[in-house]
Amino acid sequence: MSESTITISRHVPVDAARAFRAWVDPAELARWWWPQWPDTTYEIDARQGGEVRIHSAEVGMGITGTFLDFDPPRGFTMTWVWGDDSRQEAVVEDTVDVRFVEGEDGTEVTVRHTSTEHVPDGGAEQGWNDMLDRLPGHLSG
(Lines give C-alpha, C1' and ligand atoms only; values in the text may rest on other atoms or scores of the structure.)
Protein backbone atom coordinates (compact mmCIF):
# COMPACT_ATOMS: atom_id res chain seq x y z
CA MET A 1 0.00 0.00 0.00
CA SER A 2 1.20 3.53 -0.63
CA GLU A 3 1.60 6.13 2.06
CA SER A 4 -1.24 8.57 2.69
CA THR A 5 -1.94 11.32 5.20
CA ILE A 6 -5.18 12.11 7.00
CA THR A 7 -5.37 15.78 8.03
CA ILE A 8 -7.99 16.95 10.52
CA SER A 9 -8.27 20.30 12.32
CA ARG A 10 -10.33 21.79 15.11
CA HIS A 11 -10.50 25.27 16.57
CA VAL A 12 -10.26 25.45 20.38
CA PRO A 13 -11.07 28.52 22.51
CA VAL A 14 -7.73 28.66 24.38
CA ASP A 15 -4.14 29.70 23.74
CA ALA A 16 -1.65 27.28 22.19
CA ALA A 17 0.10 26.49 25.49
CA ARG A 18 -3.18 25.42 27.09
CA ALA A 19 -4.18 23.34 24.04
CA PHE A 20 -0.73 21.68 23.95
CA ARG A 21 -1.00 20.74 27.64
CA ALA A 22 -4.31 18.94 26.96
CA TRP A 23 -2.37 16.52 24.74
CA VAL A 24 0.64 15.78 26.96
CA ASP A 25 -0.74 15.73 30.52
CA PRO A 26 -1.96 12.16 31.19
CA ALA A 27 -4.66 13.20 33.68
CA GLU A 28 -6.02 15.77 31.29
CA LEU A 29 -5.80 13.51 28.25
CA ALA A 30 -7.92 10.95 30.12
CA ARG A 31 -10.78 13.46 30.27
CA TRP A 32 -11.22 13.75 26.49
CA TRP A 33 -9.25 11.07 24.56
CA TRP A 34 -11.21 7.87 25.31
CA PRO A 35 -13.51 8.82 28.21
CA GLN A 36 -15.96 6.11 27.13
CA TRP A 37 -13.39 3.50 28.25
CA PRO A 38 -12.64 4.39 31.89
CA ASP A 39 -10.04 1.63 32.29
CA THR A 40 -7.74 3.34 29.75
CA THR A 41 -4.23 4.04 31.02
CA TYR A 42 -2.28 7.07 29.82
CA GLU A 43 1.52 7.09 30.14
CA ILE A 44 3.31 10.07 28.60
CA ASP A 45 6.94 11.08 28.97
CA ALA A 46 6.48 14.60 27.57
CA ARG A 47 9.87 15.33 25.99
CA GLN A 48 11.72 14.65 22.77
CA GLY A 49 12.54 10.93 22.80
CA GLY A 50 9.88 10.30 25.44
CA GLU A 51 7.50 7.38 25.16
CA VAL A 52 3.70 7.42 24.87
CA ARG A 53 1.43 4.52 25.77
CA ILE A 54 -2.37 4.68 25.78
CA HIS A 55 -4.17 1.39 26.31
CA SER A 56 -7.66 0.12 27.14
CA ALA A 57 -7.85 -3.46 28.39
CA GLU A 58 -11.66 -3.36 28.10
CA VAL A 59 -11.56 -3.04 24.32
CA GLY A 60 -8.13 -4.64 23.87
CA MET A 61 -6.44 -1.85 21.98
CA GLY A 62 -4.21 1.16 22.27
CA ILE A 63 -1.26 3.02 20.85
CA THR A 64 2.42 3.31 21.59
CA GLY A 65 4.88 5.82 20.24
CA THR A 66 7.95 7.97 20.72
CA PHE A 67 8.18 11.75 20.44
CA LEU A 68 10.46 12.46 17.47
CA ASP A 69 10.01 16.23 17.78
CA PHE A 70 8.72 18.04 20.86
CA ASP A 71 8.34 21.83 20.55
CA PRO A 72 5.86 23.28 23.10
CA PRO A 73 3.55 25.01 22.43
CA ARG A 74 3.93 24.80 18.64
CA GLY A 75 3.57 21.04 18.33
CA PHE A 76 5.04 17.58 18.31
CA THR A 77 5.66 14.65 16.00
CA MET A 78 5.55 11.07 17.20
CA THR A 79 5.67 7.53 15.96
CA TRP A 80 2.31 5.80 16.18
CA VAL A 81 1.82 2.06 16.50
CA TRP A 82 -1.78 0.92 16.74
CA GLY A 83 -2.09 -2.15 18.91
CA ASP A 84 -5.04 -4.50 18.87
CA ASP A 85 -4.55 -7.21 21.50
CA SER A 86 -5.92 -9.83 19.08
CA ARG A 87 -3.87 -8.63 16.09
CA GLN A 88 -1.49 -11.21 14.67
CA GLU A 89 -0.08 -9.36 11.64
CA ALA A 90 3.11 -7.32 11.55
CA VAL A 91 3.28 -4.00 13.36
CA VAL A 92 3.06 -0.88 11.20
CA GLU A 93 4.74 2.29 12.46
CA ASP A 94 2.89 5.45 11.42
CA THR A 95 3.73 9.09 12.10
CA VAL A 96 1.41 11.57 13.79
CA ASP A 97 2.16 15.29 13.70
CA VAL A 98 0.10 17.69 15.86
CA ARG A 99 0.43 21.45 15.39
CA PHE A 100 -1.02 24.34 17.42
CA VAL A 101 -1.42 27.70 15.65
CA GLU A 102 -2.63 30.45 17.94
CA GLY A 103 -4.90 33.20 16.64
CA GLU A 104 -6.91 36.06 18.12
CA ASP A 105 -9.80 33.91 19.30
CA GLY A 106 -8.09 30.64 20.15
CA THR A 107 -5.92 27.98 18.56
CA GLU A 108 -6.19 25.83 15.45
CA VAL A 109 -5.16 22.26 16.29
CA THR A 110 -4.18 20.19 13.25
CA VAL A 111 -3.43 16.46 13.26
CA ARG A 112 -1.62 14.85 10.32
CA HIS A 113 -1.55 11.06 10.53
CA THR A 114 0.65 9.42 7.88
CA SER A 115 0.43 5.68 7.27
CA THR A 116 0.73 2.96 4.65
CA GLU A 117 -2.35 1.29 6.18
CA HIS A 118 -5.06 3.96 5.80
CA VAL A 119 -8.25 2.73 4.20
CA PRO A 120 -10.50 5.27 2.41
CA ASP A 121 -13.34 6.18 4.78
CA GLY A 122 -11.70 3.86 7.31
CA GLY A 123 -11.42 3.83 11.06
CA ALA A 124 -8.42 6.13 11.45
CA GLU A 125 -10.22 9.19 10.08
CA GLN A 126 -13.35 8.43 12.09
CA GLY A 127 -11.29 7.91 15.24
CA TRP A 128 -9.48 11.24 14.90
CA ASN A 129 -12.74 13.05 14.19
CA ASP A 130 -14.38 11.48 17.25
CA MET A 131 -11.50 12.48 19.52
CA LEU A 132 -11.05 15.96 18.13
CA ASP A 133 -14.78 16.60 18.39
CA ARG A 134 -14.39 16.22 22.19
CA LEU A 135 -11.39 18.55 22.50
CA PRO A 136 -13.11 21.99 22.16
CA GLY A 137 -15.70 21.09 24.80
CA HIS A 138 -13.02 19.87 27.16
CA LEU A 139 -11.02 23.06 26.76
CA SER A 140 -13.98 25.41 27.13
CA GLY A 141 -15.20 23.72 30.34
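For the structure, see preceding data.
Because the structure is a prediction, the values reported are computed rather than measured.

**Student:** How would you summarise helix H3 (residues 123–140) if you had to cite specific residues and measurements?
**Tutor:** Side chains of residues three or four places apart in an α-helix project in the same direction, reflecting 3.6 residues per turn. With 18 residues, H3 should cover 26 Å at 1.5 Å per step; its first-to-last C-alpha distance of 27 Å lies within 8% of that length. Restricting attention to buried positions, one finds in H3 the residues Trp-128, Met-131, Leu-132, Leu-135, His-138 and Leu-139. For H3, the buried positions fall inside an angular range of 115 degrees around the axis, keeping them on one side. Across H3 from its buried face, at more than 90 degrees, point the exposed residues Gly-123 and Ser-140. Where H3 is buried, its residues touch strand S1 (4–12), helix H1 (16–24), helix H2 (26–32), strand S5 (75–84), strand S6 (93–103) and strand S7 (106–115).

**Student:** Hey, could you go over the pairing of strand S3 (residues 51–56) for me, with residue numbers and the actual values?
**Tutor:** Across four bridges, strand S2 (residues 41–44) lies against S3 in antiparallel orientation. Bridged to Thr-41 within S3 is His-55. What sits between S2 and S3 in their antiparallel hairpin is a turn of six residues, with Gly-49 showing a positive phi close to 90 degrees. Across six bridges, the pairing between S3 and strand S4 (residues 61–71) is antiparallel. When the bridges of S4 are listed, His-55 appears paired with Gly-62. What sits between the antiparallel neighbours S3 and S4 is a turn of four residues, in which Gly-60 has the positive phi angle 65 degrees.

**Student:** Before we move on, can you summarise the nonpolar core with the specific residues and values?
**Tutor:** Trp-23, Trp-33, Phe-76, Phe-100, Trp-128 and Leu-135 are the most contacted members of the largest nonpolar core, which totals 36 residues. Sort the elements by how many residues they give to this core and H1 lands first, with six residues. With near-sequence residues (within four places) excluded, Phe-100 lies in contact with Ala-16, Ala-19, Phe-20, Trp-23, Pro-73, Arg-74, Gly-75, Phe-76, Thr-107, Glu-108 and Val-109.

**Student:** Please give an account of the pairing of S5 that cites residues and values.
**Tutor:** Summarising burial for S5: seven of the 10 residues are buried, a large majority. Both S4 and S5 contribute to a ladder of eight bridges, which runs antiparallel. Paired with Phe-67 across the two strands is Met-78, which belongs to S5.

What counts, and at which threshold
Residues numbered from 1 in each chain as written. Predicted model: local features only at pLDDT ≥ 70, side-chain atom pairs only at ≥ 80, totals over all residues. Heavy atoms only, no water. Helix = DSSP H or I, 4+ residues; strand = E, 2+ residues; numbered from the N terminus. Expected span 1.5 Å × (residues − 1). Buried < 20%, exposed > 50% of the residue type's maximum accessible area, 1.4 Å probe, protein only. Arc of directions from axis to C-beta. Contact = heavy atoms within 4.5 Å. Pairing = 2+ DSSP bridges. Core = buried A, V, L, I, M, F, W, Y, C linked by side-chain atoms within 4.5 Å.

Geometric descriptors of this kind do not, in isolation, establish any biological role.
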